[in-house]
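Survey of secondary and tertiary structure
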Amino acid sequence: MEIRCSEKMRLSNAEKAVIDYINAQQGVLELFSIGDVARGAYVSLATVSRAIRKCGFASFSEMKFRLSEEQKGDKQSAEMNKILLKSYSECLETIKRIDISATIDIASRMRRARTVYLLANGLTALVANEFAIQLQCQKIPVCQISDSEMMRKMDLLASAGDLVLILSVKNSTPELAIGARLAKKMGAEVVLCCCTQGTVLDELADVAVYGCSQSIATNRIFGGTSRIGLQIITRTIVEYLNSALSQ
């Protein structure tokens, strides 16, 4: 933050030189003493003191403290804006990637399906859980599966007339592909909502919709990957189903 003095204070040329010098040292001012500023601005100590008092500071020390706190606040705001920008760009990129015709196709298949098996694991299962609740509210029969062993036995669950919808960020779990293969073997349809293209699920899916995912703060338990893209996709499907039902 730069020091700005009211025009009413009528700084002398020497005092203006002091303020200009201080503003030029932003970022390293905490290393300076009042004597350093006086020497750098080619003025006396009294001139430095008088200049900073005219700008609303009781002392040189108070000025350094307040400027330091303001600078700290600016850094925090900058960091917060950076985080929000990531979320904004992720939402925007997901919207660009969503294939409208494919999304309508998925919604139509879900409405026709005898049972929708919703496959997701890890934190993505939380997205799937909300998705399942929203679908149930529209009287779509849903069975959510997040257990890997059950995915390995999809041939005992799914059959012709059913639909298997897979939610995944990166498709890093092999059981998702295993479940998709077994379901297709039994005649069920497979649809994919994913944030990564080029995986084996692309070949297994009858129709797919893709979103965007970015890295977020990591932790020691789960990988640091955002699921905003999947949330946008599932919301879009739910709202389309609801609007189609009301027409």
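Reference entry: report on the structure contained in this document. (Residues numbered from 1 in each chain as written. Predicted model: local features only at pLDDT ≥ 70, side-chain atom pairs only at ≥ 80, totals over all residues. Heavy atoms only, no water.)

We now examine the overall build of the chain. Looking only at helices and strands, the chain features ten helices and five strands. Expressed as lengths along the three principal axes of its C-alpha atoms, the size of the chain is roughly 90 × 40 × 25 Å. Counting over 247 residues, the chain shows a buried share of 41%. For the chain, contacts bridging at least 24 residues in sequence account for 70% of all contacts bridging at least 6. Of the accessible surface of the chain, which amounts to about 13900 Å², a share of 53% is contributed by carbon and sulfur atoms. (Helix = DSSP H or I, 4+ residues; strand = E, 2+ residues; numbered from the N terminus. Buried < 20%, exposed > 50% of the residue type's maximum accessible area, 1.4 Å probe, protein only. Contact = heavy atoms within 4.5 Å. Areas by Shrake-Rupley, 256 points an atom, 1.4 Å probe, with all protein chains shown as cover.)

The next point concerns helix 6 (residues 124–136). The terminal C-alpha atoms of helix 6, which comprises 13 residues, lie 18 Å apart, in line with the 18 Å expected from a rise of 1.5 Å per residue. Within helix 6 the residues assigned to the buried category are Thr-124, Ala-125, Val-127, Ala-128, Phe-131, Ala-132 and Leu-135. Along the axis of helix 6, the buried positions cluster into a sector of 150°, meaning they face one direction only. (Expected span 1.5 Å × (residues − 1). Arc of directions from axis to C-beta.)

Moving on: a nonpolar patch on the surface. A surface patch of nonpolar side chains, about 300 Å² in accessible area, is lined by Met-80, Ile-83 and Leu-84. In this fold, Leu-84 is placed in helix 4 (residues 60–97). Assessed through its relative accessible area of 51%, Leu-84 is described here as exposed. (Patch = residues over 30% accessible without salt bridge, like charges linked within 9 Å, V, L, I, M, F, W, Y side chains within 5 Å. Salt bridge = Lys/Arg side-chain N within 4 Å of Asp/Glu carboxyl O.)

On to the packing of helix 2 (residues 34–41) against helix 3 (residues 45–54), then. Interaxial distance between helix 2 and helix 3 falls to 9 Å at its minimum, and their mutual angle equals 100°. It follows from the interaxial angle that helix 2 and helix 3 lie roughly perpendicular. Contacts between helix 2 and helix 3 pair Ile-34, Gly-35, Val-37 and Ala-38 from the former with Leu-45, Val-48 and Ser-49 from the latter. Looking at the contact of helix 2 with helix 3, its residues break down into five nonpolar, two polar and no charged. (Axes fitted to C-alpha atoms, helices over the stretch in contact; angles between N-to-C directions. Parallel < 35°, antiparallel > 145°, perpendicular 65-115°, else oblique. Nonpolar A, V, L, I, M, F, W, Y, C, P; charged D, E, K, R; others polar.)

What follows deals with the sheet that holds strand 1 (residues 116–119). Either a parallel or an antiparallel arrangement is found when strands of a sheet pair, and the pairing is made through backbone hydrogen bonds. Ordered by their spatial adjacency, five strands build an open sheet running 2-1-3-4-5, and the pairing between neighbours is parallel. Among the strands making up the open sheet, the edge pair consists of strand 2 (142–145) and strand 5 (207–210). Between one strand axis and the next, the sheet turns through 15° on average, direction left out of account. Along the sheet, helix 6 makes contact with strand 1, strand 2 and strand 3 (163–168), crossing strand 2 at roughly 170°. Set on the sheet, helix 8 (residues 174–185) makes contact with strand 1, strand 3 and strand 4 (189–194); between it and strand 3 the angle comes to about 165°. (Pairing = 2+ DSSP bridges.)

Worth remembering: the numbers are spatial, not functional.
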